[in-house]
Amino acid sequence: MAQNSAGLSSDYQFWMQKLSVWDQASTLETQQDTCLHLPQFQEFLRQMYEALKEMDSNTVTERFPTIGQLLAKTCWNPFILAYDESQKILIWCLCCLINKEPRNSGDSKLNSWTRGLLSHILSAFRFDMKEVGLFTQGLGYAPADYYPGLLKNMVLSLVSELRENHLNGFNTQRRMAPERVRSLSRVCVPLVTLPDFEPLVLALLTCHGHEPQEVLWPEFFGAVNEAFLLKKISLPTSAIVCLWLRHLPSLEKAMLHLFEKLISSERNFLRRIECFMKDSLLPEAACHPAIFRIVDEMFRYALLETDGAPEVLATIQVFTWCFLEALGKEKKQLKFALKTYFPYASPSLVMVLLQHPKDIPQGLWHQSLKHISEKLREIVEDQTDGSYGGPFECWFLFIHFGGWADIAAEQLLMSEAEPPEAVLWLLAFSYRPRDGSQQRAQTMVEVKAVHGRLMKLLRSPALSARDLQAAAGESQAAAPRPSACGQLIRHLLLNFLLWAPGGHAIAREVITLMAHTDEITHEIASFLDQTLYRWDRLCMEAPASRKLARELLAELRGQV
Amino acid sequence: MESLLQHLERFSEVLAVSRTPHVSTWDPATVRRALQWARYLRHVHRRFGRHARIRTALERRLQNQWRQEGGSGPAAAPGLTNFQALGRCDLLLSLRLLQNRALGEAACHSLLQQLFPGPGVPGADEDTLQGRLARLARRRSAVHMLRLCGSRESPVLQEDALMKTQAELLLARLREAGRAAAAGPGGLLSSLWERVPHDNFLKVVAAALLLPPSSPRPRGEELEPGTPSTAGEGRRELVRWLLGRSDIMAAFCRRLPAGVLASVAGRHPELSRGYLGLLTDWGRQLRYDLQQGVWVGAEPQGVPWEELYGRFESLCRAPPPLKDEVLTALESWKAQDGGFQVRGLSVWTDLLLALGSGT
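Residues numbered from 1 in each chain as written. Chains lettered and ligands numbered in written order. Predicted model: local features only at pLDDT ≥ 70, side-chain atom pairs only at ≥ 80, totals over all residues. Heavy atoms only, no water.

Novice: Summarise the pairing of strand 2 (residues 294-297) of chain B; cite the residues concerned and give the values.
Specialist: The side chains of a regular strand alternate between both faces of the sheet. All names here are of chain B. Sheet analysis places strand 1 (residues 286-289) next to strand 2, joined by 4 bridges and oriented antiparallel. Each bridged residue has a counterpart across the sheet, and for Arg287 the counterpart in strand 2 is Val296. From the end of strand 1 to the start of strand 2, which pair antiparallel, there are 4 residues, and Gly293 there has a positive phi angle of about 80°. (Pairing = 2+ DSSP bridges. Helix = DSSP H or I, 4+ residues; strand = E, 2+ residues; numbered from the N terminus.)

Novice: Just give me the short version of the packing of helix 7 (residues 105-122) of chain A against helix 6 (residues 105-115) of chain B, but keep the residues and values in it.
Specialist: Where helix 7 of chain A contacts helix 6 of chain B, the axes come no closer than 12 Å and their chain directions differ by 40°. Comparing the axis directions of helix 7 of chain A and helix 6 of chain B gives the class oblique. The handedness of the crossing between helix 7 of chain A and helix 6 of chain B comes out as left-handed. Here Ser108(A), Asn111(A), Arg115(A) and Leu118(A) of helix 7 of chain A lie close against helix 6 of chain B, whose contacting residues are Glu105(B), Cys108(B) and Leu112(B). Split into classes, the residues belonging to the contact of helix 7 of chain A with helix 6 of chain B amount to 3 nonpolar, 2 polar and 2 charged. (Axes fitted to C-alpha atoms, helices over the stretch in contact; angles between N-to-C directions. Parallel < 35°, antiparallel > 145°, perpendicular 65-115°, else oblique. Left-handed = near helix turned anticlockwise from the far one by under 90°. Contact = heavy atoms within 4.5 Å. Nonpolar A, V, L, I, M, F, W, Y, C, P; charged D, E, K, R; others polar.)

Novice: I'd love a proper account of the nonpolar core, names of residues and values included.
Specialist: The biggest cluster of nonpolar side chains holds 314 residues, and the ones touching the most others in it are Leu200(A), Phe220(A), Trp244(A), Leu170(B), Phe252(B) and Phe312(B). For this core, the element with the most residues is helix 18 (residues 310-329) of chain A, which contributes 11 residues. (Core = buried A, V, L, I, M, F, W, Y, C linked by side-chain atoms within 4.5 Å. Buried < 20%, exposed > 50% of the residue type's maximum accessible area, 1.4 Å probe, protein only.)

Novice: I'd like to hear about the interface of chain A and chain B, residue by residue, with values.
Specialist: In this complex, chain A contributes 69 residues to the contact, which on the side of chain B involves 65 residues. Between chain A and chain B, roughly 6500 Å² of surface is buried when both sides are summed, and carbon and sulfur atoms account for 66% of that area. The largest share of the area that chain A buries against chain B comes from Arg115(A), Leu122(A) and Phe135(A), three residues that together contribute 12% of it. At the boundary of chain A with chain B, the tally comes to 2 salt bridges. Taking the shortest distance from any N to any O, the salt bridge between Arg139(B) and Asp196(A) comes out at 3.1 Å. Here chain A and chain B share 18 residue pairs in polar contact (both at pLDDT 80 or more) between them. Mapped by element, the contributors of at least two residues to the side of chain A that touches chain B are helix 2 (28-52), helix 5 (78-82), helix 6 (86-97), helix 7, helix 8 (130-139), helix 9 (143-167) and helix 10 (178-191) of chain A. Counting residues per element, the side of chain A that touches chain B draws most heavily on helix 9 of chain A, at 15 residues. Taken together, the residues of the side of chain A that touches chain B sort by class into 41 nonpolar, 18 polar and 10 charged. (Buried area = accessible area lost by both parts, 1.4 Å probe. Salt bridge = Lys/Arg side-chain N within 4 Å of Asp/Glu carboxyl O. Polar contact = N/O pair within 3.5 Å; in protein donor to acceptor, adjacent residues only side chain to side chain.)

Any link to function would need more than the numbers given here.
What follows is the structure, encoded as structure tokens:
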């Protein structure tokens, strides 16, 4: 309490000044300034209430002699009263001022004055025409009876004006002046979360009118976006798309909100990511190429900033899946050409990547992998033609469809034959995109060797964890591997454990040996989660492997 | 059942008293009790909402009460007038007490404590009295802001938000009055006429007559099972009443703008006949001033030529069959007067000539 009061006192002075400047928020500037400060002011009111409720009414006036003024000024600012819970908190504060047992006429006067303010907040708006009040009274209705209906009609009438504005572009008589539309959007800022206002918010978002520049006040978009992210308003996807198209910062904020959610939630949980992703409406909105490009840009940035963090990779994959799903469901006749979504990529590469593995018989997957690998290699190793962006762009495109890399690793262990060069290249590229051609060749050789050794172990009657370790090339004395290659080898081992008949028995032991850091434990859990997710999506039957994977994943999660 | 009705009556008394200076005698315990009763009745509303028999019985008792009170004075604002109001009775009581200056300090303090207990479980506030009062305050601000910054009076009467709301309320009341007694609606309207400003009332009546047929009930009233949309009934009552009161009909036709009346006449043929009848009377009162060359009224408060012409012009802009009806009527009056083609002899001739369709 003591530390708070110092901060509260200085805040008090600040807000007192602000309120005096704002007065009744009747000018453009005061309205704008009020709207910018609404959330902070509400927070301040809350803190005041916390302080006031501990005191009795006499202490209140001693401690905050001008509190009456502060609260009164608040009462007269309709923007503050309209916002969220401010009116409720204000009422609580006023109740703290009421003296239960007034000692003198001064106390009584204060009580009376406070009651007046409370009454004002809750009384009906006095229309300029008294006749309305007299009529409704004559009918036997109190304002509490007809207010919802009145508000609904007012909103409806504005909505139809906006719609007409949108449709009758050239009929200047019926046009709604841009200034009026703008001031409507300002009025909406504190009221975005009031359900009665939803139709008006929707109309403002979707009815563009015919002005060349943006008419709506930017804070309006911000307020709607905030409300949407916090789930305080429900709008159709088309309205959200309009919002993001008209106001870029809102889209960026929505992305950041998603990232925050993903960071703060449990790691390694692809189903959860999918849930958040669909919830955010970003995949659906991304069916509009402009939005897709911005979202993709932010993903690219995040990837670079985190140096290829696996969580970001996973998110991009999930996003792409959801996006393609949404694109498939789009009923719009005019679909955008793929080039608009991936302008820097080779069209044939995009075509081949977009093939859903589900649509290809499993037996032919190796062909698709070969195609993909060849196309990628063409672009990456071609020094002269820089039109398709170079290795990073290629890789960035490829990891959108990262499922193929996982399939490649799996497929490798399905066949005892020597792995095709194309698949080796693809794996090496996918795990270590920055390698030069020599290093890549080396990686490919190593993977081939490991594969050979693992295939030999397949035929051995009794497998031990040591055998597997040796096959992976690890020995006690060996120097630690460069990490990504190690990751690739680990994934091969894990695939082996899941698929080889002898693998199940030694799985736990092997994993214990592998997981000598937290980092690696997380990586293994991620791998298992991703594998299970992929099997679900592709409807792959593999009951024994599934069971093992699930068990292992549960155990690992329990550890972390 | 009987105890329920008694409870209702007692609470209605309490509600009536809550507006009077008599509350100065209330102590905190009385306030608490009153709010408890309100809570109980609200519970009744929730519980028996679908129970037709109980609902009807309660509603009838309330209607009776209201009619008795309603006749007693212009300022009487009855509290509970229908079953729906029971859902809001705690709100109504709270607001009345809050705004009553006569309520003592201690009682007021107790009232505030009960109405605004402070933060509780977040999100669960929506349905509590505190939450609903806060929402009312928020809506009030919303109306205020829309009024200042956005809302304008609509040129189309029945689309103007204020008019539309009043019209919907009127139709709702007429519906209830009709259910309570056959002569209900007429009596209600006549008593209203005595009590409220006439101009606004007439506009509301016009708006109610012009509301689109599928106009829903005002918000706050749930869809009642088994009752078809009876806004049409309400409108019929209005027409019946207007036709039964020639003085009010005259005021209606005189005071409202030509365009509005043309729309009303188009929608309601019985009224169009009445309207035309009045126009005939007004027309016949005009005399031709040879020197000025204009038609003038015999009395100063009579309808002048320009207005008469304006009204006929509006009617002729209406779609058929109204337009044809009007023209036919004009032709027949012209014929009755002798069928002259020359100006100055029959007001109907001149009107037809002015309207551009004289033959």
